[in-house]
Structure formats: structure tokens, C-alpha cells
Amino acid sequence: MVMSASSFSERLIRWQKTHGRHHLPWQVRHAYNVWLSEIMLQQTQVTTVLDYYPRFIARFPTVQSLAEAGQDEVLSLWAGLGYYTRARNLHKAAQQVVNDFGGVFPESREGLEKLCGVGRSTAAAIAAFAFLRRETILDGNVKRVLCRVFARDGNPADKKFENELWALAESLLPERREDMPAYTQGLMDLGATVCKRTKPLCGECPMESMCEAKAQNRIAELPRKKTPPQVHTLPLYWLMLRNQNGGVWLEKRPQKGIWGGLYCVPCFETLAELHRRAEHFSVFSDGLEEAAPVTHRLTHRLLLITPFTAVADVKVPSENGSDGLWVAEKDLQSYGLPKPLENYFAGGSRR
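Residues numbered from 1 in each chain as written. Predicted model: local features only at pLDDT ≥ 70, side-chain atom pairs only at ≥ 80, totals over all residues. Heavy atoms only, no water.

- If you check an unreviewed UniProt entry, the chain appears there as Adenine DNA glycosylase from Neisseria zoodegmatis.
- Under Catalytic activity (unreviewed entry), UniProt gives the following word-for-word description of the chain: "Hydrolyzes free adenine bases from 7,8-dihydro-8-oxoguanine:adenine mismatched double-stranded DNA, leaving an apurinic site."
- What UniProt states about the chain under its Function (unreviewed entry) heading is, verbatim, "Adenine glycosylase active on G-A mispairs. MutY also corrects error-prone DNA synthesis past GO lesions which are due to the oxidatively damaged form of guanine: 7,8-dihydro-8-oxoguanine (8-oxo-dGTP)." (UniProt positions renumbered as here; feature names shortened; annotations may be inferred.)

**Quick word on the nonpolar core**
One broad trend across soluble globular proteins is that nonpolar side chains are buried collectively.
Item 1. Counting 95 residues, the largest nonpolar core has Phe-8, Trp-35, Phe-105, Trp-238 and Trp-259 as its most contacted members.
Item 2. The biggest single contributor to this core is helix H8 (residues 120-131), with nine residues.
Item 3. Within the second largest apolar cluster, 14 residues are counted, among which are Leu-288, Phe-308, Ala-310 and Trp-326. (Core = buried A, V, L, I, M, F, W, Y, C linked by side-chain atoms within 4.5 Å. Buried < 20%, exposed > 50% of the residue type's maximum accessible area, 1.4 Å probe, protein only. Helix = DSSP H or I, 4+ residues; strand = E, 2+ residues; numbered from the N terminus.)

**Quick word on unusual backbone geometry**
Negative phi is the rule for most residues except glycine; trans is the rule for most peptide bonds.
Item 1. Pro-223 follows Leu-222 through a cis peptide bond whose omega is -10°.
Item 2. With respect to the secondary-structure elements, Pro-223 resides in the loop between helix H12 (212-215) and strand E1 (232-242).
Item 3. You will see that Leu-132, though not glycine, has its phi angle at about 60°, which is positive.
Item 4. Of note, Leu-132 is situated in the loop between H8 and helix H9 (140-149).
Item 5. For Leu-132, a relative accessible area of 15% gives the class buried.

**So, the pattern of salt bridges**
Item 1. All chains considered together, the criterion is met by 20 salt bridges.
Item 2. For Glu-221, the salt bridge identified is with Arg-218, shortest N-O distance 2.9 Å.
Item 3. Note that Arg-242 and Glu-329 form a salt bridge whose closest N and O atoms lie 3.4 Å from each other. Linking Arg-242 in strand E1 with Glu-329 in the loop between strand E8 (324-327) and helix H14 (339-346), this pair joins segments that are 87 residues apart in sequence.
Item 4. For Glu-329, a relative accessible area of 29% translates into the label partly exposed.
Item 5. Salt bridges sharing partners connect three or more residues here, namely Arg-109, Glu-110, Glu-113 and Glu-135. (Salt bridge = Lys/Arg side-chain N within 4 Å of Asp/Glu carboxyl O.)

**Here we look at the environment of His-30**
Item 1. Its place among the elements puts His-30 in the loop between helix H1 (5-19) and helix H2 (31-41).
Item 2. His-30 sits 96 residues away from Ile-126 along the chain, and the two C-alpha atoms are 9.2 Å apart.

**Side note on the packing of aromatic side chains**
In this description, an aromatic ring pair is defined by two values, namely the gap between the centres and the angle between the planes.
Item 1. A full pass over the atoms with the stated rule returns 14 aromatic pairs.
Item 2. Between the aromatic rings of Trp-238 and Tyr-344, the centroid separation amounts to 6.0 Å while the plane-to-plane angle is 85°, which identifies the pairing as edge-to-face. Within this pair, whereas Trp-238 is found in strand E1, its partner Tyr-344 is found in helix H14, the two being separated by 106 residues in sequence.
Item 3. Classification of Trp-238 by relative accessible area gives buried; the value is 0%.
Item 4. Over the face of the ring belonging to Trp-166 we find Arg-120, whose NZ or CZ atom lies 3.7 Å from the ring centre. (Phe/Tyr/Trp six-rings, centres within 6.5 Å; stacked < 30°, edge-to-face > 60°. Lys NZ or Arg CZ within 6 Å of the ring centre and 35° of its normal.)

**Considering the packing of helix H5 (residues 71-78) against helix H6 (residues 85-100)**
Item 1. At their nearest, the axes of H5 and H6 sit 10 Å apart, and the two run at 135° to each other. Here H6 runs oblique to H5, going by the angle between their axes. Of the two elements, H5 crosses H6, and the hand of that crossing is right-handed. Across from Gln-71, Val-74, Leu-75 and Trp-78 in H5, the residues of H6 making contact are Arg-86, Ala-87, Arg-88, Leu-90 and His-91.
Item 2. Classifying every residue of the contact of H5 with H6 gives five nonpolar, two polar and two charged. (Axes fitted to C-alpha atoms, helices over the stretch in contact; angles between N-to-C directions. Parallel < 35°, antiparallel > 145°, perpendicular 65-115°, else oblique. Left-handed = near helix turned anticlockwise from the far one by under 90°. Contact = heavy atoms within 4.5 Å. Nonpolar A, V, L, I, M, F, W, Y, C, P; charged D, E, K, R; others polar.)

**Some points on H2**
Item 1. By the criterion of burial, H2 is predominantly enclosed, with eleven of the eleven residues buried.
Item 2. When we look at burial in H2, the residues that qualify are Ala-31, Tyr-32, Asn-33, Val-34, Trp-35, Leu-36, Ser-37, Glu-38, Ile-39, Met-40 and Leu-41.
Item 3. Residues of H2 that are buried in the fold lie against helix H3 (46-59), helix H4 (63-68), H5, H6, H8 and helix H11 (180-194).
Item 4. One or two positions beyond H2, positive phi appears at Gln-43, with a value near 60°.

Structure, rendered in C-alpha cells:
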């Protein structure tokens, strides 16, 4: 049976109102709250965002307060969410809204796409939730729903196939603007809680009787899986310096690259670099103690981090001194630290 656009949207809206998620704190008509949550939810689970979102709203209740904040404070609150480019773009976008749009979020998808870190699907979600615009989202969960319900088969890396899915998604939009929040949330909820990648709950799906993939026994096959990225191991070396007062030496990372903009102990890709840097603190190889390695998985890389600890002079080194500072252990939580370093300190492996 071929499903019409109206049948799809009506079923989805009815299902969402009864079975969808209604407890999420960002389910409001305020563009700032919706935008903040959508950026956090990029490549991050809802359960994780539920922990970070309230803290961000409490500290930055308005886009103006976020725009006026220092990047260090924003990154500190973001620490642990990963993909730190999102946090830097979040801060820049808040400043765009204040400086370029008079403190008011654009209402159109096209206007929202001008903000740093906001792509088509994210802009569509903000426009639909906050401004009732008839715009469709197309994240990974939605692609899975469409590929299964309509038995669409194609290479996920093929731009032409993605454009076909965009066209299909746009054709399914409900006519009434008032239905856009429930419809958009329904797409998210259906993909996240029912039409899951593995072990989908077909018996609970409002589209079960019309799902073409189910009729063709192709649920496990669709959508086609992406070729998994090759994971490379990257050896890193941490210079863990403490002064006589127990302070830890931290340096601000470059804006680009791994952990951009965060504070971290000096980090190097070779031992030779670490030894040269240590000498600026009058610490030589015989004064360094090698600690147990730390591993941390990123999307395409496995970090194998070897810490080297030492006690250093309290004075600031002459080279790159302006980029670093001594921080008391009790104050470390006030700085945005990379997750593996935060875990290292929290685990008591710091001496």
C-alpha cells in the first residue's frame, strides 16, 4: 500500500501526542532555548544533553548573556560534551544574533543558516519549533525512518541520494503550521525510540501497516550502513607539572585542532617535544616520572596518552608564558578541561 503524505503526517502527529516525548526542558516556543538544545544534540544523546542543558540555561538565560560571556567560561561549561567546535560556534552565533540581528533570532530557515554552526537540518528544526515554519529536518534518525517506511535504498554517502531524501521529507510536511512542533518532534521520537538502528520496535510503530521495508522484509537492510571510519591510534604525551604549592600548570589550546580553546597540561606528539618544553621549567629527563597511559576514543582516532609528572619551579617559564598559568587543584573545575584530563584528575592518578 502506498502511503500518502497526509496519511504519514497525520499518523505521526497523533502518535507523537500520545506516545512521544513531552518532558524535555527545551520543548518550548523560545528560539534561544530551541537553538541551544539543537546544537547540543548534534552527535550527542538526549540523556547527556539533559545534564548539560539546565546548567547552560541557568548560567546563560538569554542569548545576550551568552554573547557577553568569555569563551573560556563557555568552554568550561561545555567540557565533556565533546566536538568543541560546536561550543566555539555557539558562542560566535550568539554574538551574531546580538550584533547582526539586534538580539532577535531570524525566523526563516535561510536566515538561521547564516549563524555559525547551524546547517540546514538544525535551522529547519529551530524554524519549525520556534516559528511554526513548514521546514523539514533530515538527521540520521529521520533518514532511517524514511528509508524504511518508503523502502528507499541508496548509498548514504551519495549526494544525489541525500537530495532525494530531502525531497521526500519535504513532500511529507503537514499542511497546518500549528502541527509543525508535534510533527517535527514526532520524527525525532520515532527514529530515536521506535525505529531504532538495531532491534526496532515495529509493533509500536504507527507506520507498521504501511511500512514498505517491513512488507519486503528489509528492515535490517535499510538504510544501507555507512562504511565505518578507519580508527588511527595517535600517541600523545602530557607534561603534568606541579609547583611547590600543589598548583597544576595549564595552557590554553589553539583554537583549531584537538580540544581547541580548552585548557590542558602541555601536550605533545613526540617525547622530544615534551623534553624541550620541560626544560623551560628547569625540568630535565631524569626529573620526569612516567605514569600509566590513558586512552581516549574520538570519532576517527584512539588517543594513547602517556603522562609524565614532575615538580617544577613556581615561576612562569619565559617562553609562551602568557598562554599558561598555575591553577590550584581546588580550582581546576572552573576551567574547561579535555574529558580525559578531567577524568585523570578525578581518578586520583595525579601524583
